[in-house]
Amino acid sequence: MENKKIPTHVGIIMDGNGRWATARGKKRSYGHKVGSDNVDRIVSHAFSSGIKSLTLYAFSSENWARPKEEVDELMKLLKTYFKKFIKKVIKNDVRLFVVGGREQLSSDLVKVIEDGERQSENNTAHHLNIAINYGGRQEIVSAVNKLIEKGEEITVDGISKNLYTAPSGEPDLIIRTGGEYRLSNFLLFQGAYSELYFTDVLWPDFDEKELDKALDSFAGRKRRFGKI
Ligand code: FPP
C-alpha cells in the first residue's frame, strides 16, 4: 500500500442523493443535506490520501430544470456549506475555486463564493474545485471565446489553458456514484484520457472505504494515453 499510485487530480460526480432519501421515505432535499455532509468526509479523506486536487460536480447547468423547491434547497445548502467549511479549508491549506457560470447564481451566493476564493487564494497544498452551474460543453465554448478575445490561435493547448480547472491540470480519475454510466457533461475536454470508475453506491453512502476501492482500482490501471 505504501507505494500505491495515487491520482493527482480526481473528479467526482456525486449522484444518488435523491434515491437515497426516497428509499428512506424522506424528501429528496434531505438526501442533498446528507450528501453535503459526505462532501466534507470525502474531501478530508481524499486530501489525506495524497490527492492534490478534487473537482466535485455539485450542480450542473442542466439541473435548473428540476422543481424550483429542489433547486432552492440546493442553492441554500451550497451557501451554508461554503460558510461552514471555509474555516476548515483555510486551516488545511486548501485553495477553493468555484467553476461554472456565475450569472445565474443569486448575488448572496456569489458573495459567499468570492469571499471563500479570496480568503483561500494563497493556499497551495490542495485545490478544491466545486462545479456549480457547470457544463463541460459550455466550458469549452467559454475557453474558445477567451482565445478569440485575446486574438490567440485556437489550439488544444490554448483551450486547455483557458478551462476553469486549468490550475489543477487534467483529472487522472473520474468517479461516478449512483449506478449510471455516463459523464453528464462533466470535464469533457480535460477528461479525454481520464480513467473512469463507476459504482452503484449512492453518494451519501460513498464513504472512505468506497473511495479507497476507487483508488485501488486506479492504482491497477495501465494508462497508455493512446500509445502502446
Ligand atoms: C445528484 O443526486 C446530486 C446533485 C444534483 C447535487 C449534488 C449536491 C451535493 C452532494 C450537496 C451539495 C454539494 C456541496 C459541494 C456541498 P440526484 O439528486 O441526481 O440523485 P438521484 O439520481 O438519486 O435522483
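1. Describing the site of the ligand
No. 1: Surveying the vicinity of the ligand reveals 19 residues, the closest of which are Asp15, Gly18, Arg19, Arg28 and Arg66.
No. 2: Gly18 is positioned with one of its backbone polar atoms (N or O) 3.0 Å from an oxygen atom of the ligand.
No. 3: Within the backbone of Arg19, an N or O atom sits 2.7 Å from an oxygen atom of the ligand.
No. 4: Relative to its unbound accessible area of 620 Å², the ligand is 93% covered by the protein chains.

2. Considering the nonpolar core
No. 1: Leu54, Phe82, Leu128 and Ile132 are the most contacted members of the largest nonpolar core, which totals 42 residues.
No. 2: At nine residues, the largest contribution of residues to this core is made by helix H3 (residues 68-91).
No. 3: Discounting residues that sit within four places of it in the chain, Leu54 has contacts with His9, Val10, Ile12, Val43, Ala46, Phe47, His127, Leu128 and Asn129.
No. 4: By size, the runner-up hydrophobic cluster in this structure holds nine residues, among which are Tyr57, Phe97, Val99 and Tyr134.

3. Overview of the packing of aromatic side chains
No. 1: In this structure the tally under the stated criterion is 11 aromatic pairs.
No. 2: Arranged with centres 6.1 Å apart and planes meeting at 80 degrees, the rings of Tyr134 and Phe186 form a pair that is edge-to-face. Placement of the pair is Tyr134 in strand S4 (residues 126-134) and Phe186 in the loop between strand S5 (173-176) and strand S6 (195-198), with a sequence separation of 52 residues. For the residue pair Tyr134 and Phe186, the accessibility class agrees, reading buried in each case.
No. 3: The rings of Tyr57, Tyr134, Tyr164 and Phe186 are connected pair by pair, giving a single aromatic cluster.
No. 4: Positioned above the aromatic ring of Trp20, the side-chain terminus of Arg24 is 4.0 Å from the ring centre.
No. 5: Cation over ring: Lys26 sits above Tyr30, and NZ or CZ is 5.1 Å from the ring centre.

4. Points about the packing of helix H2 (residues 28-48) against helix H7 (residues 208-219)
No. 1: Across the interface, H2 lies against H7 with an axial gap of 10 Å and an inter-helix angle of 45 degrees. Taken together, the axes of H2 and H7 are oblique relative to one another. H2 and H7 meet at a crossing whose hand is right-handed. Residues Arg41, Ile42, His45 and Ala46 of H2 lie in contact with H7, whose contacting residues are Glu208, Leu211 and Asp212.

5. Focus: the pairing of S4
No. 1: In terms of burial, S4 is a largely internal element, nine of the nine residues being buried.
No. 2: Summarising the sheet, strand S3 (residues 94-99) and S4 pair through six bridges and their orientation is parallel. By the bridge assignment, Val98 is partnered in S4 with Ile130.

Definitions and cut-offs
Residues numbered from 1 in each chain as written. Predicted model: local features only at pLDDT ≥ 70, side-chain atom pairs only at ≥ 80, totals over all residues. Heavy atoms only, no water. Near = heavy atom within 4 Å. Polar contact = N/O pair within 3.5 Å; in protein donor to acceptor, adjacent residues only side chain to side chain. Areas by Shrake-Rupley, 256 points an atom, 1.4 Å probe, with all protein chains shown as cover. Core = buried A, V, L, I, M, F, W, Y, C linked by side-chain atoms within 4.5 Å. Buried < 20%, exposed > 50% of the residue type's maximum accessible area, 1.4 Å probe, protein only. Helix = DSSP H or I, 4+ residues; strand = E, 2+ residues; numbered from the N terminus. Contact = heavy atoms within 4.5 Å. Phe/Tyr/Trp six-rings, centres within 6.5 Å; stacked < 30°, edge-to-face > 60°. Lys NZ or Arg CZ within 6 Å of the ring centre and 35° of its normal. Axes fitted to C-alpha atoms, helices over the stretch in contact; angles between N-to-C directions. Parallel < 35°, antiparallel > 145°, perpendicular 65-115°, else oblique. Left-handed = near helix turned anticlockwise from the far one by under 90°. Pairing = 2+ DSSP bridges.

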